[in-house]
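A look at the structure
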Amino acid sequence: FSQVILKVPSQFHLDGFRFRFKNYANSTGAFDQWHIDYVYLNHDRTATQEFYNDIAYIYDAPSMLKDHYAMPSWHYKNDPASYTIDTAVTFMRNATNIDNLPVYNFVTIPDTTTNTNFFSFPPDPSSFSRIPANVVQRFEYPIPNELFPADKVDTAGVFESIFSVEFRPKTDIITSNDTVISRTVLKDYYAYDDGTAEAGYGVNPALSADGLTAFMAIRYNIPFADTLKGIQTYFLPQAVDVSKQRIFISVWSSVSPPVKLYEREASARPTYSEPNGIVTFSLDTALVVDQTFFIGFKTVGANSINIGYDLNTNHKNKLFFSQNGLI
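Here goes a summary of the coordinates provided.

Reading the values: the criteria
Residues numbered from 1 in each chain as written. Predicted model: local features only at pLDDT ≥ 70, side-chain atom pairs only at ≥ 80, totals over all residues. Heavy atoms only, no water. Core = buried A, V, L, I, M, F, W, Y, C linked by side-chain atoms within 4.5 Å. Buried < 20%, exposed > 50% of the residue type's maximum accessible area, 1.4 Å probe, protein only. Helix = DSSP H or I, 4+ residues; strand = E, 2+ residues; numbered from the N terminus. Contact = heavy atoms within 4.5 Å. Phe/Tyr/Trp six-rings, centres within 6.5 Å; stacked < 30°, edge-to-face > 60°. Patch = residues over 30% accessible without salt bridge, like charges linked within 9 Å, V, L, I, M, F, W, Y side chains within 5 Å. Areas by Shrake-Rupley, 256 points an atom, 1.4 Å probe, with all protein chains shown as cover. Salt bridge = Lys/Arg side-chain N within 4 Å of Asp/Glu carboxyl O. Pairing = 2+ DSSP bridges. Axes fitted to C-alpha atoms, helices over the stretch in contact; angles between N-to-C directions.

**Brief notes about the nonpolar core**
Core analysis: the biggest nonpolar cluster contains 56 residues, and Y76, F148 and F163 have the highest contact counts within it. Of all the elements, strand β16 (residues 279-289) adds the most residues to this core, at 5 residues. Sequence-distant contacts of F163, that is, excluding residues within four places in its chain, are made with Y57, A61, P62, M64, A88, T90, F106, V107, Y141, D178, T179 and V180. If you look at the next biggest cluster of nonpolar residues, it comprises 5 residues, including F215, A217, W252 and F294.

**Digging into the packing of aromatic side chains**
Any two aromatic rings considered together are summarised by their centre-to-centre distance and by the angle between their planes. Tallying each qualifying case throughout the model produces 19 aromatic pairs. Ring plane angle 25 degrees and centroid distance 4.4 Å describe the contact between F148 and F159, whose orientation is recorded as stacked. Taken together, the positions of F148 in the loop between β7 (135-142) and α3 (150-153) and F159 in strand β8 (residues 158-167) put the pair 11 residues apart, joining distant regions of the chain. Judged on exposure class, the residue F148 and its partner F159 are both buried.

**Points about the environment of P270**
Residue position: P270 is located in the loop between β15 (258-265) and β16. C-alpha separation for the pair P270 and R246, spaced 24 residues apart in sequence, amounts to 8.2 Å. Discounting residues that sit within four places of it in the chain, P270 has contacts with F235, V242, S243, Q245, I247 and I305.

**A word on a nonpolar patch on the surface**
Taken together, the side chains of F19, F21, W34, I36, V39 and L41 define a hydrophobic patch exposed on the protein surface, amounting to about 680 Å² of accessible area. Structurally, F21 is set in the segment before β1 (55-57).

**Describing the sheet that holds strand β3 (residues 87-94)**
Taken in spatial order, the 3 strands make up an open sheet running β1-β3-β7, and their pairing is antiparallel. With one partner strand each, in any of the chains shown, β1 and β7 form the two edges of the open sheet. Strand-to-strand twist in this sheet, taken as the mean axis angle between neighbours without regard to direction, amounts to 30 degrees. Inspection of the sheet shows β1 paired to β3 by 3 bridges, in the antiparallel sense. The residue of β3 that forms the bridge with A56 is R93.

Structure (structure tokens):
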């Protein structure tokens, strides 16, 4: 981030004062985003006052699962210790000019059915850390191997991990960034992402026997063979019309060499939903998949089809693409 301090002329110091940010960008994909953080106005500030009376988490809360944000409950219960993280990590910035600021930070995983907690850390709520001024501090929280009791998995399905920070004395001016929440979903599907797409992943099509084609796939490893019934994805809006492009749902047992288990042209075309909304493609028949399989799309048409990509969780090693079917 680069900080910019602009003086607001006195003639604008009145009710109804407005301003805007404008950027020039390539609108055909997720290429030129701006992220604006801390729009802060105050009297008597100077151009050299680069600090704020604030401390904040600087990343989203981590998932309590090692590789996913969601997975089938019966897969998790097969071996909870192998899927639960050992340590949760967060990062905070002390943006104040107060050196060695005392910070009380906690993580809790509540049991909403009993108004108690599955887990909380630290055990002593009076313990605190001191963070130097204008420094990013790393915090680690040990997580028990069997975080979610088996009898709770079937009744709840969604568990929230709440990370919060407090000051004593209170000096914080922005309280909305003092808490981050991670949601662990143990229901009937897998998800690598946290539900928000910061970018897009697409493959530029190339000429093949079927026309202009592109293939993309993502790998899943599961504890035992199970049944696949559909795929959900988010199509990232772009400044071209992709609604007429053909799209095929594809499942492979291997991509090198490619061994296709299933392919069917989808009855629906790529459609844009609300931000971070998902589109569901159901298989016409349930498909039994082994412990390793790949799901994805074959697209036929002139344009790349951009799928939402979660930059906060790096799973590039599970993504595969091709322009001729030989992934």
